[in-house]
Amino acid sequence: MSLLFSSFRASWTGLKKTAAVLPVTLIALQSMVPLAAQAIDFPDTGDRGAPSTTAGGGTRGGWCEGEMAWSDDALIPMVPKNNVSTFTGEQASLWIAAAPEFSHKNAEIFVRNMQTNETVYVEVANLGDLTEEMVHVELPALNDEGEPLLEADQTYFWEFAVICNQSAREQDYYVRGLMQPVETSAQLAEQLESADTMEEKAALYASEGIWQETLAIGIELNQSEEPEVLAELLTSVGLDTLLSE
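Quick look at the structure, then. (Residues numbered from 1 in each chain as written. Predicted model: local features only at pLDDT ≥ 70, side-chain atom pairs only at ≥ 80, totals over all residues. Heavy atoms only, no water.)

For the rest of this paragraph, the subject is the pairing of strand β6 (residues 106-113). Two faces make up the sheet, and in a regular strand the side chains alternate between them. Within β6, seven of the eight residues are buried, which leaves the element mostly enclosed by the surrounding structure. As judged from the seven bridges shared by β6 and strand β7 (residues 119-126), these two strands associate in the antiparallel manner. Bridging from a neighbouring strand, N106 pairs with N126 of β7. Where β6 hands over to β7, the hairpin turn is made up of five residues, of which N117 adopts a positive phi near 65°. (Buried < 20%, exposed > 50% of the residue type's maximum accessible area, 1.4 Å probe, protein only. Helix = DSSP H or I, 4+ residues; strand = E, 2+ residues; numbered from the N terminus. Pairing = 2+ DSSP bridges.)

Below is the structure:
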């Protein structure tokens, strides 16, 4: 396990809330077929020093139990290529594809301010039945003091960990990355106001490099049997493997 991850893990002691509930939603995706054209093309914003997307703990039987070997496909975060999930508005969201073998395991979300080194959020929830599902984690808009949980002009480290053994947290499966609140320009706000369709809004958000709103619209349209927008978006950021799963 990396020293970076170990330092974050050590800081969790005493921060976890008893019987805390993470706002987790399981989302069923329509069958998606990759398209040749990419109308929703999320820009490659380059490497901002974000951590590796996926990592795991020590040697184990796989999927927390059983005989399957550990795999990068166990958890797949839906994030852009640079692993920095930008968003506008008051609430941040994460979408993570999780292996069905993780069903009914507990998972923990951990968020830290990269500038102040302050832990701003730690919660735990049961993943329930993951058959053909994806996990949607929505962070609260405000902290316990009634102030914004994530502040503008700050960058936040996040980690989503499936707890395989509560007594041996080094065995967690986890994915991690950065998230960053961004301002909506007056021009973008005007364009969004005049957009005729949700697909147009998704294209506008994508053109400005705003990830979470683009993805949220893609998932919403996918659930309303318009899967092409989400397929185009995922293809543009190299998440083609999710199109056939």
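Moving on from the model shown.
Let us look at the packing of aromatic side chains. Here the structure, examined in full by the defined rule, presents three aromatic pairs. Between F110 and F157, the aromatic rings sit 6.4 Å apart at their centres with planes inclined by 70°, giving edge-to-face as the arrangement. Of this pair, F110 sits in strand β6 while F157 sits in strand β9 (residues 156-163); the two residues are 47 residues apart in sequence, bridging distant segments of the chain. (Phe/Tyr/Trp six-rings, centres within 6.5 Å; stacked < 30°, edge-to-face > 60°.)

A separate point is the packing of helix α3 (residues 198-207) against helix α4 (residues 211-223). The description of two helices packed together rests on the angle between their axes and the distance between the axes. Contact geometry for α3 and α4: axes closest at 8 Å, N-to-C directions at 155°. Taken as axis vectors, α3 and α4 run roughly antiparallel relative to one another. Of the two elements, α3 crosses α4, and the hand of that crossing is left-handed. For the pair α3 and α4, the contacting residues are M198, E199, K201, A202, Y205 and A206 in the first and E213, T214, I217, E220 and L221 in the second. Classifying every residue of the contact of α3 with α4 gives six nonpolar, one polar and four charged. (Axes fitted to C-alpha atoms, helices over the stretch in contact; angles between N-to-C directions. Parallel < 35°, antiparallel > 145°, perpendicular 65-115°, else oblique. Left-handed = near helix turned anticlockwise from the far one by under 90°. Contact = heavy atoms within 4.5 Å. Nonpolar A, V, L, I, M, F, W, Y, C, P; charged D, E, K, R; others polar.)

At a minimum axis separation of 9 Å, helix α2 (residues 186-194) and α3 run at an interaxial angle of 165°. It follows from the interaxial angle that α2 and α3 lie roughly antiparallel. Relative to α3, α2 is oriented so that their crossing is right-handed. Counted together, L188, Q191 and L192 of α2 and K201, L204 and Y205 of α3 form the full contact between these two elements.

A separate point is the side chain of S85. For S85, the location among the structural elements is in strand β4 (residues 84-87). Residues within four places of S85 in sequence aside, it is in contact with P80, S93, L178, M179, Q180, W211 and Q212.

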